[in-house]
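So you can see what is in the structure, the chains are spelled out below.
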Number of protein chains: 2
Amino acid sequence: MNKVVIYGVGLIGGSFARALKAAGRVRHVVGIDRSEASALRAVELGIVDEAATAPEAVAKAIAGADLVVLATPVAQTGRILAALLPYLDAHTVITDCGSTKADVVAAARAALGARIGQFVPGHPIAGRETNGPDAAIADLYVGKKFVVTALAENPPQAVERVTSAWQACGAIIHRLTPEEHDKVFASVSHLPHLLAYALVDDIAGKPHADLLFQYAASGFRDFTRIAGSSPEMWRDISLANGAALLAELDAYMAQLAHLRERLAAGDGATLEAVYGNAQRARRRWIEAIEAAETPPPKDNAE
Amino acid sequence: MNKVVIYGVGLIGGSFARALKAAGRVRHVVGIDRSEASALRAVELGIVDEAATAPEAVAKAIAGADLVVLATPVAQTGRILAALLPYLDAHTVITDCGSTKADVVAAARAALGARIGQFVPGHPIAGRETNGPDAAIADLYVGKKFVVTALAENPPQAVERVTSAWQACGAIIHRLTPEEHDKVFASVSHLPHLLAYALVDDIAGKPHADLLFQYAASGFRDFTRIAGSSPEMWRDISLANGAALLAELDAYMAQLAHLRERLAAGDGATLEAVYGNAQRARRRWIEAIEAAETPPPKDNAE
């Protein structure tokens, strides 16, 4: 590609830019960020070739871009798309990295109108606790999933431009509809975040919180690691995927009510059955992950 | 000490034996295990000097022991104490490693009667996912907490014998009453285990469980790590500490009901406040842990 524009040059956008450059798949990368300091830092670090901060620089950057990548909080999607639309060439493809998809698609439809076919929504399943341009690394996406939630309006070559860029970053391409995506991630990501935040907040609010934290050990540390994530980002995700998250939360609260009743009744057999089922399911899952991560024998390698 | 007897030569008991030997604090260690294979493996690995499996060997082992350590599931405490009582010398001190304390104390009082003063209850805060004699390592307890929940009947020298043995293993001694201990661990350990088991069981029971697990990533892996623990052990802990666990579970379910209602109302400000409070509390806790784990400057070191 000749020119790629990245909105948000932090961990997600910055790592994408680094990976694409490392793969030799782009000649010129322009970075745009709501923080001017971050945009300039991204230039300094060599993540992007140029930072566009003034409105006229943004307009110039968008014009003629092959790919525009939004790596910004999901709530900003509509505003950013509306602002870049006047400068958008017909051949440019836009994609995003949002953790929710149905709301992003709705915002994109509202902002882009008849040109929605140029927007290919996606979600790279990668991350870490650090953030900002200094956290960006070229191999963040190696072996990780990229979920493309293509729209009926997307021409095949637009989808292909997005997926081949992510493949060049080392990602494995998966396909879901926006609605499937949101239900899946409400279950395995958004709900666990809410549960972890809720537990730490619950403990922190107790009068003897200091005593409690003193005895929290490695199991607690791992259980609550995701409660170290950005509150602003997770507020947005919770609201954006509210309907699916509420459905998962209700199912989980029903499960807790059942366990509470069995615990109060001293029903050890049921507790052991639930715990054992969970342990076996988790073990099968870990084994499947490890099998998938093990490289095949290199019979044909040089 | 001249002779130490360990009931349960797995990760917890085996690591204690290894550490005590490494510190040169014991001349002879006898291992007892409900699995004869484990007891013999512990001899083979040099964890214990002798395995006592036949009833007469157990009787001989208990006689004259300085310290008897129970590293067995908490539900077995009463039965083991009742069985060893006939051979118990007046100078012998018994301790345990159970994750709950009030129920262990009740079982010990029932089993030992007037000789309860010889039982000093305790709980080493250490562990890992592996188990059995092969998992035992000499440095498992270095820098970890050992909570002694001494009884009014314990002579100071009995408590001292237990705490100095754990200090020799590298542990830091903390003191709580059995009731304080159980409330604290219901909050920071037993509840998180139940929540993690509940989530994995909930997901595993859905018709599209395979699809869901396919997209579970590192955050889910850490959140559910404790759901890899022994279902039998955690059934026992849940029941043994049922009252305290129910109280914590009820508080947590009330917190979830509140968040559910705020989420349904689209109240982003409250969600962000709860998430932000949790993030800050967790960060303070991690900083406190890291400060405690950083060795002081070695100004006086040779």
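Residues numbered from 1 in each chain as written. Chains lettered and ligands numbered in written order. Predicted model: local features only at pLDDT ≥ 70, side-chain atom pairs only at ≥ 80, totals over all residues. Heavy atoms only, no water.

## Notes on the domain arrangement of chain A
All names here are of chain A. Looking at chain A, the domain boundaries give domain 1 (3-176) and domain 2 (181-291). Spacing between the C-alpha centres of domain 1 and domain 2 amounts to 31 Å. Across the domain 1/domain 2 interface, buried area totals approximately 1,100 Å², and carbon plus sulfur atoms make up 64% of it. Seen at the junction of domain 1 and domain 2, the total is 1 salt bridge. Here Arg34 makes a salt bridge to Glu232, at a shortest N to O gap of 3.7 Å. (Domains from an automatic or database assignment. Buried area = accessible area lost by both parts, 1.4 Å probe. Salt bridge = Lys/Arg side-chain N within 4 Å of Asp/Glu carboxyl O.)

## So, helix α1 (residues 11-22) of chain A
Residue and element names in this part refer to chain A. For α1, spanning 12 residues, the distance from its first C-alpha to its last is 16 Å, which sits close to the expected 16 Å at 1.5 Å a residue. Among the residues of α1, those classed as buried are Leu11, Gly13, Gly14, Ser15, Phe16, Ala17, Ala19 and Leu20. Contact partners of the buried residues in α1: β1 (3-7), β2 (28-32), β4 (67-70) and α6 (156-168). Where α1 ends, the next residue or the one after it, Gly24, has phi of about 65°, a positive value. (Helix = DSSP H or I, 4+ residues; strand = E, 2+ residues; numbered from the N terminus. Expected span 1.5 Å × (residues − 1). Buried < 20%, exposed > 50% of the residue type's maximum accessible area, 1.4 Å probe, protein only. Contact = heavy atoms within 4.5 Å.)

## Focus: the environment of B:Thr72
Residue and element names in this part refer to chain B. Position of Thr72 relative to the elements: it lies in the loop between β4 (67-70) and α4 (77-84). For Thr72 and Glu272, which are 200 residues apart along the polypeptide, the C-alpha to C-alpha distance reads 44 Å. Thr72 has contacts with Tyr7, Gly8 and Ile80, leaving out every residue within four places of it along the chain.

## What to know about the side chain of B:Asp201
Secondary-structure assignment places B:Asp201 in helix α7 (residues 178-204). For B:Asp201, the side chain forms a polar contact with the side chain of A:Gln255, separated by 3.0 Å. (Polar contact = N/O pair within 3.5 Å; in protein donor to acceptor, adjacent residues only side chain to side chain.)

## Topic: the pattern of salt bridges
Summed over all chains, the structure comprises 28 salt bridges over all chains. Between A:Asp49 and A:Lys21 there is a salt bridge, with its nearest N and O atoms 2.7 Å apart. Here A:Asp49, found in the loop between α2 (36-44) and β3 (50-51), pairs with A:Lys21, found in helix α1; they are 28 residues apart in sequence, far enough to count as distant. The exposure class assigned to A:Asp49 is partly exposed, which follows from its relative accessible area of 34%. Between B:Asp96 and B:Lys101 there is a salt bridge; the shortest N-O distance is 3.0 Å. One network of salt bridges, in which partners are shared, links A:Arg41, A:Glu44 and A:Asp134.

## Notes on the interface of chain B and chain A
Contact residues are listed per partner, giving 82 residues for chain B and 83 residues for chain A. For the pair chain B and chain A, the summed buried surface comes to about 7,900 Å²; carbon and sulfur atoms form 67% of the total. Residue A:Glu290 is joined to B:Arg221 by a salt bridge in which the shortest nitrogen-to-oxygen separation is 3.6 Å. Along the contact surface separating chain B from chain A lie 34 residue pairs in polar contact (both at pLDDT 80 or more). Residue assignment for the side of chain B that touches chain A shows that the elements contributing at least two residues are β8 (145-148), α7, α8 (209-215), α9 (218-223), α10 (231-240), α11 (242-264) and α12 (268-293) of chain B. Ranked by residues supplied to the side of chain B that touches chain A, first place goes to α7(B) with 17 residues.

## Observations regarding the nonpolar core
Core analysis: the largest hydrophobic core is formed by 84 residues, its most contacted members being A:Leu195, A:Leu256, B:Leu195 and B:Leu256. Not counting residues up to four positions away in its chain, the partners in contact with A:Leu195 are A:Leu249, A:Tyr252, B:Leu199, B:Phe223, B:Tyr252 and B:Leu256. (Core = buried A, V, L, I, M, F, W, Y, C linked by side-chain atoms within 4.5 Å.)

## Description of helix α4 (residues 77-84) of chain A
All names here are of chain A. Of the positions making up α4, those classed as buried are Thr77, Gly78, Ile80, Leu81 and Leu84. Take α4 and look down its axis: the buried residues cluster within an arc of 165°, on one side only. Where α4 is buried, its residues contact β1, α3 (55-62), β4, β5 (93-96), α5 (102-112) and β6 (119-120). (Arc of directions from axis to C-beta.)

## Quick notes on the pairing of strand β7 (residues 122-125) of chain B
Residues and elements named next belong to chain B. Going residue by residue along β7, you find Gly122 and Pro124 tucked away on one face and His123 and Ile125 tucked away on the opposite face as well. Sheet topology places β7 next to β8; 4 bridges connect them, and they run antiparallel. The residue of β8 that forms the bridge with Ile125 is Lys145. (Pairing = 2+ DSSP bridges.)

## Describing the relation of the copies chain B and chain A
Least-squares fitting of chain B to chain A yields an RMSD of 0.0 Å, with the superposition described by an axial translation of 0.0 Å and a rotation of 180°. Accordingly, the operation relating the two chain copies is best matched by a two-fold axis. No C-alpha of chain B approaches the rotation axis more nearly than that of B:Phe223, which lies at 2.0 Å. When the interface residues of chain B are mapped onto chain A, 100% of them again fall at the interface, so both copies present the same face. (Least-squares fit on C-alpha atoms with pLDDT ≥ 70 in both.)

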